[in-house]
Amino acid sequence: MAGFKIVTDSTADLPKDYIEQNQLGVMVLPYIVEGESYGIDKEMNVKDFYNKMRGGMMPTTSQVNPESAREYLEGYLKESKEILVMSFSSGLSGTYNSACVAAQEIMAERDDCKIIVVDTLCASLGEGLLVHKAVELRKQGKSLEETAEWVESHKLNLVHVFTVDDLFNLHRGGRVSKATAIVGTLASIKPLLHVDNDGHLIAVGKVRGRKKSLHSLVDMMEQRVGSYRDKNDCFFISHGDSQEDAEYVRDLVKERFGIDSCIINYVGPTIGAHSGPGTIALFFMGDYR
């Protein structure tokens, strides 16, 4: 591996083969299902996870604490003395702050290493796509500092647009009222959401019907892509156990924008615990979020 080590979180939802091929470090955010902790020492099959959620199971999640972050970083320093940490949005988790504390402690004790921690203000494969951009810069021979500067300068151009299939998951997360969830479900209302400049999940619209919500994601890409229309060489899609719908959106994007390269992967359990089954999220570079 040339240059520096890139470390991200399990919330980036990147495929395991991509992580291995690009020698990425991953800090794992644990999740708890029926009293059992998963993520670090054992994994739950993601389809089983979503099937349990469909059956009414409510998982819980936790952040990476400073002690765990330090343990991860000290391990990765054995591979490289320079590390770029690209962390899950501080608007959704305290993991970024934990990574900052750990990095500062380590560098205060050692003068043979450098760790830069970036709050991506991203989630799921939005975070993953920003990591991919950093990987490409590293391949081009960019330094740790040059790559971190590019990520900081462009992270608010990483657009997240998504829809969920079940309003009750948003209600449990405090995003909508119970009355809205009930009425919306009866009327087949599908919310449209994005991640804003502060890294928070924000509702930006609603449509009636699943198919229309999928088309609306691509319409939202049209609205936001702007000067990046001819600069996007890839886009990412994550889903809450809805592979066919993810492929449908992929094909719509390819047809409208002519972009062939796409990674599709599951919304992992840490974020899926809050977004629920049926989530479809589209990620790309644009003029604004």
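Figured I'd write up the structure that's included with this text. (Residues numbered from 1 in each chain as written. Predicted model: local features only at pLDDT ≥ 70, side-chain atom pairs only at ≥ 80, totals over all residues. Heavy atoms only, no water.)

**Quick notes on unusual backbone geometry**
Part 1: For Asp13, which is not glycine, the phi dihedral falls at a positive 60°.
Part 2: Although it is not a glycine, Asp241 sits at a positive phi angle of roughly 60°.
Part 3: If you trace the backbone, Asp241 turns up in the loop between strand E11 (234-239) and helix H10 (243-257).
Part 4: Judged by its relative accessible area of 14%, Asp241 falls in the buried class. (Helix = DSSP H or I, 4+ residues; strand = E, 2+ residues; numbered from the N terminus. Buried < 20%, exposed > 50% of the residue type's maximum accessible area, 1.4 Å probe, protein only.)

**Quick notes on the sheet that holds strand E5 (residues 60-61)**
Part 1: A sheet is described by the order of its strands in space; here three strands give the open sequence E4-E3-E5, paired in antiparallel fashion. A strand with exactly one partner marks an edge of an open sheet, and here the two such strands are strand E4 (36-38) and E5.
Part 2: Relative to E5, strand E3 (residues 31-33) runs antiparallel, the two sharing two bridges. Bridge assignment links Ile32 to a residue of E5, and that residue is Thr60. (Pairing = 2+ DSSP bridges.)

**Regarding the packing of helix H9 (residues 210-225) against H10**
Part 1: For the pair H9 and H10, the least separation of the axes is 10 Å and the interaxial angle reads 40°. Viewed along their axes, H9 and H10 adopt a mutual orientation that is oblique. Judged by the sense of rotation from one axis to the other, the crossing of H9 with H10 is right-handed. Across the interface between the two elements, Arg210, Lys211, Leu214, His215, Val218, Asp219, Met221, Glu222 and Val225 from H9 touch Asp245, Tyr248, Val249, Leu252, Val253, Arg256 and Phe257 from H10.
Part 2: Residue classes in the contact of H9 with H10 are distributed as nine nonpolar, one polar and six charged. (Axes fitted to C-alpha atoms, helices over the stretch in contact; angles between N-to-C directions. Parallel < 35°, antiparallel > 145°, perpendicular 65-115°, else oblique. Left-handed = near helix turned anticlockwise from the far one by under 90°. Contact = heavy atoms within 4.5 Å. Nonpolar A, V, L, I, M, F, W, Y, C, P; charged D, E, K, R; others polar.)

**Re the sheet that holds strand E7 (residues 114-119)**
Part 1: If you walk across this open sheet you meet the four strands as E2-E1-E6-E7, and the pairing is parallel. Two strands bound the open sheet, and with one partner strand each, they are strand E2 (25-27) and E7. Across the sheet, the mean angle from the axis of one strand to that of its neighbour is 20°, orientation sign disregarded.
Part 2: Where strand E1 (residues 5-9) lies against strand E6 (residues 82-87), three bridges are found, and the strand directions are parallel. Bridge pairing in E6 places Ile6 opposite Leu84.
Part 3: Helix-sheet contacts for helix H3 (residues 66-76) involve E1, E2, E6 and E7, and the interaxial angle to E2 is about 170°.
Part 4: Along the sheet, helix H5 (residues 124-139) makes contact with E1 and E6, crossing E1 at roughly 180°.

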